[in-house]
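Observations on the model geometry
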Amino acid sequence: MKRGMTRRTFLRRAATTLSLTPLLAACGGAEKSETPATSSAAGGSPTVVVPSQRTSTATASGQLRIGYLPITDAAPLLLAHAKGFYREEGLSVEQPTMFRSWAQVAEAFQARQVDVVHLLMPLAIWMRFGQQVPVKLVAWDHVNGSALTVAERIERLEDLAGATVAIPFWYSIHNVLLQRLLERAGLRPILEGQPSASERTVKLVVLAPADMAPALANGSIAGYIVAEPFNALAEVQKAGKILRFSGDVWLDHACCVVMLHEEECVSRPDWAQAVVRAVVRAQRFARENRAEAAQLLAKRGDRGYLPQPLQAIERVLLDHDHDRYVREGVIRHPEWSAARIDFRPYPFSSYTAALIEHLRRTRVQGDASFLQQLDPLRAHEELVDDRFVRQALTEEGGPAVFGLPESLEREELIDP
């Protein structure tokens, strides 16, 4: 809570609903043609998301409501539901609700249609500081877990000159990493106009993750960088190939993070602790039981949390073909021993600071001037509430159980 702000003022501000639709449109991330999202999570009928102006606090219905995108980044939130961890923490929980795009997830979360979500960390930074939405990052949801997938004709980054590449959102680690990769290859990203091979430009466009593989298949884009399992799906369907893994560019970077409303962290800390404890337990389960986790997540008939087939999800969680990726140069830093996806919940301040610095260098649509005003470490303190994840880590056996340093400090390693 900012200094000088009274509790009453804070709660009144936190309870005020802002419409994120025009804000997302200004950022270039709203997909206006989208229909309401649906969910067909295991054991339940689809949940239809209907626009709402409701401003009640979390669990007013008596149940925890989870929102997610159908990607493996959501695994901890979904596995905590599948394994009954929320219930064991005393939380009554609804069937998780699946959304189609980041714009939908962000809007539903801000409008209080859902209580806990996973969000792109740069998106969380933009919401908190660019739009003054009182959100709190309470844990990382996973590390790594994304890749740059390209058409078969693309052999190296330089071959993308004159092409179009899709990203899931302007404020995403995907946009940051892609622009660093293009810079290293001597290419220049553009957001408007047509790309030119002679001018060595690459056009960036925002697409919902589910639209990326079809766009690659029909030739409207030459590649995309996005969360799994859409990269593995392209491999399974022989629609494209992976050129680089995100964790091979920025070691153990956070992509999605667990978000709660700040009001709940302030007024309902026991509730917030229960949510985080369940999610951290699910991360440990995913690390130690990857095959079972894939089975729980994958679509089987008309049931499943994720709509992708088991074969694609297993490629991600079980890290298939690692040695082949090293031989072919897809993995440039085998000495990093970076997993294709891993689950390490602690939010390092060094990462927040480095991410803000890289976001300042990254081209986005809309006004990003707020980034220049941020003190990176102070921004971390305002965005992140790590007391819940620290407690959960202690209860799960300590940081080492998750491959984390006991100091909970690290240096960032970035090499595109």
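Conventions we followed
- Residues numbered from 1 in each chain as written.
- Predicted model: local features only at pLDDT ≥ 70, side-chain atom pairs only at ≥ 80, totals over all residues.
- Heavy atoms only, no water.
- Core = buried A, V, L, I, M, F, W, Y, C linked by side-chain atoms within 4.5 Å.
- Buried < 20%, exposed > 50% of the residue type's maximum accessible area, 1.4 Å probe, protein only.
- Helix = DSSP H or I, 4+ residues; strand = E, 2+ residues; numbered from the N terminus.
- Contact = heavy atoms within 4.5 Å.
- Salt bridge = Lys/Arg side-chain N within 4 Å of Asp/Glu carboxyl O.
- Pairing = 2+ DSSP bridges.
- Axes fitted to C-alpha atoms, helices over the stretch in contact; angles between N-to-C directions.

1. Observations regarding the nonpolar core
By size, the foremost hydrophobic cluster in this structure holds 136 residues, and its most contacted members are Y86, W102, I125, L160 and Y224. Considering every element that reaches this core, the biggest residue donor is helix α11 (residues 269-288), with eleven residues. Dropping the residues within four chain positions of it, L160 is found in contact with V150, I154, V165, L182, L187, T201, V202 and A222. Ranked by size, the runner-up nonpolar core spans six residues in total, among them A147, I242, V330 and I331.

2. Re helix α13 (residues 310-317)
An α-helical segment advances 3.6 residues per turn. Residues three or four places apart therefore align on the same side. The complete set of buried residues in α13 reads A312, I313, R315, V316 and L317. In this structure, the buried side of α13 is in contact with α9 (230-236), α12 (290-297), α14 (322-327) and β13 (341-342). Backbone geometry just after α13 places D319 at a positive phi near 55°.

3. Let's talk about the environment of V138
Tracing the sequence through the fold places V138 in strand β4 (residues 135-140). Placed 248 residues apart in sequence, V138 and D386 show a C-alpha to C-alpha distance of 5.6 Å. Those residues in contact with V138 that sit more than four places away from it in its chain are V258, L260, C265, V276, D385, F388 and V389.

4. A few points about the pattern of salt bridges
Using the criterion set out here, one finds 35 salt bridges in the structure. For R361, the salt bridge goes to E183, with nearest N and O atoms at 2.8 Å. Of this pair, R361 sits in helix α15 (residues 349-361) while E183 sits in helix α7 (residues 173-184), and the two are 178 residues apart along the sequence. The partly exposed category is assigned to R361, whose relative accessible area is 47%. Among the ionic pairs, E328 bridges to R324, the shortest N-O distance being 3.1 Å. Take E328: its relative accessible area is 52%, and that puts it in the exposed class.

5. Things to note about the pairing of strand β3 (residues 116-120)
Consecutive side chains along a regular strand alternate between the two faces of the sheet. Of all five residues that make up β3, five are buried, and the element is covered over most of its length. As defined by bridge partners, strand β1 (residues 66-68) adjoins β3 across two bridges and the pair is classed as parallel. Looking across to β3, one finds that G67 is bridged to V117. Where β3 lies against strand β12 (residues 256-261), four bridges are found, and the strand directions are antiparallel. Bridge assignment links L119 to a residue of β12, and that residue is V257.

6. Concerning the sheet that holds strand β6 (residues 146-150)
Spatial ordering of the open sheet is given by β8-β9-β7-β10-β6-β11, a layout of six strands whose pairing is mixed. The sheet is open, and its two edges are formed by β8 (188-190) and β11 (241-245), each paired on a single side. In this sheet, adjacent strand axes meet at a mean angle of 30° when their direction is disregarded. Inspection of the sheet shows strand β7 (residues 164-167) paired to strand β10 (residues 223-227) by two bridges, in the parallel sense. Along β10, the bridge assignment pairs A166 with Y224.

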